[in-house]
Amino acid sequence: MELTQEKYYTVEDFYKIPEEIHAELINGELVHMALPSRIHQKLLVELITLINHYIKSKKGDCEVYLAPFDVQLWDNKDTIVEPDISVICDKKKLNKRGCLGAPDWIIEIVSPSNPEHDYIDKLYFYTKASVREYWIVDPQNKNIHVYNLEPNQFHVKVYTFQDTIKVGIYEDLFIDFAAFNFDEKE
């Protein structure tokens, strides 16, 4: 399959592209994604481990997934995103390809090559799709933007990599970014 930006891609087209192509489908357009850096991978491991351990310790109904994991926010639009971390509490949304509908909590780790994709495009999509909570973790600026996207409660708070952050969708989950011990060279 030849990939060209002049073509409008459907969900069906997206699932035919070769697996080695790392891309998302945004309104019929393929958006190529950068391969994750070492600090990106380190953050993913730390966060996914904490979240998964929390859910299992509480015998919770939610499930946590890391990219690549397809999230089709709407069944009638040609848009598929691959959040770095997705927490889904309604298992009816899960299918063999990923998730159909809005996850409850999404975490994106900013790529230096395309930060506006997470800060603008995805924030817009996740708000419209009714994601409950959205975190943007920015390793370059060492901050975390936490968006509460609940209806009539939209707000954002910015934290640093020295802060402990309460997860909004849970009563007693706190993530201490200072405990990750990032080296300044990372």
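Residues numbered from 1 in each chain as written. Predicted model: local features only at pLDDT ≥ 70, side-chain atom pairs only at ≥ 80, totals over all residues. Heavy atoms only, no water.

## Examining the packing of aromatic side chains
Two descriptors summarise a pair of aromatic rings, namely the distance from one centre to the other and the angle between the planes of the rings.
Part 1 of the argument: Evaluated as defined, the whole model comprises 12 aromatic pairs.
Part 2 of the argument: Plain terms: the ring middles of Tyr65 and Phe69 are 4.3 Å apart, the flat faces sit at 5° to each other, and that makes the pair stacked.
Part 3 of the argument: The partly exposed category is assigned to Tyr65, whose relative accessible area is 24%.
Part 4 of the argument: Each residue in the set Trp105, Trp135, Phe161, Phe177 and Phe180 is aromatic and connected to the rest through ring pairs, giving one cluster.
Part 5 of the argument: In this arrangement the basic side chain of Lys7 is found over the ring face of Tyr9, its NZ or CZ atom lying 5.3 Å from the centre.
Part 6 of the argument: Over the ring of Tyr15 we find Arg97, and its NZ or CZ is 3.7 Å from the ring centre. (Phe/Tyr/Trp six-rings, centres within 6.5 Å; stacked < 30°, edge-to-face > 60°. Buried < 20%, exposed > 50% of the residue type's maximum accessible area, 1.4 Å probe, protein only. Lys NZ or Arg CZ within 6 Å of the ring centre and 35° of its normal.)

## So, the pairing of strand 10 (residues 143-148)
Part 1 of the argument: Of all six residues in strand 10, six are buried; the element is thus mostly enclosed.
Part 2 of the argument: Residues of strand 10 alternate between two faces, with Asn143, His145 and Tyr147 on one and Ile144, Val146 and Asn148 on the opposite face, all of them buried.
Part 3 of the argument: Summarising the sheet, strand 9 (residues 133-138) and strand 10 pair through six bridges and their orientation is antiparallel. Residue pairing in the sheet places Val137 in a bridge with Ile144 of strand 10.
Part 4 of the argument: Adjacent in sequence and paired antiparallel, strand 9 and strand 10 are bridged by four residues, among which Lys142 carries a positive phi angle near 50°.
Part 5 of the argument: Here strand 10 runs beside strand 11 (residues 155-160); their pairing, made up of six bridges, is antiparallel. Counted as the bridge partner of His145 is Val158 from strand 11.
Part 6 of the argument: Here strand 10 hands over to strand 11 after six residues, with Asn152 in that stretch at a positive phi of 65°. (Helix = DSSP H or I, 4+ residues; strand = E, 2+ residues; numbered from the N terminus. Pairing = 2+ DSSP bridges.)

## Some details on the state of the cysteines
Part 1 of the argument: The full count for this structure, using the stated rule, is one disulfide.
Part 2 of the argument: Across the disulfide, Cys62 is cross-linked to Cys89 (sulfur-sulfur distance 1.9 Å). Of note, the bridge from Cys62 to Cys89 carries an S-S torsion of about 95° and is right-handed in sense. With Cys62 in the loop between helix 2 (38-57) and strand 3 (63-66) and Cys89 in the loop between strand 5 (85-88) and strand 6 (94-95), this residue pair connects regions lying 27 residues apart in the sequence.
Part 3 of the argument: Looking at Cys89, the relative accessible area reads 25%, which means it is partly exposed.
Part 4 of the argument: For Cys99, which is in no disulfide, the shortest distance to another cysteine sulfur is to Cys89 and amounts to 10 Å. (Disulfide = S-S within 2.5 Å.)

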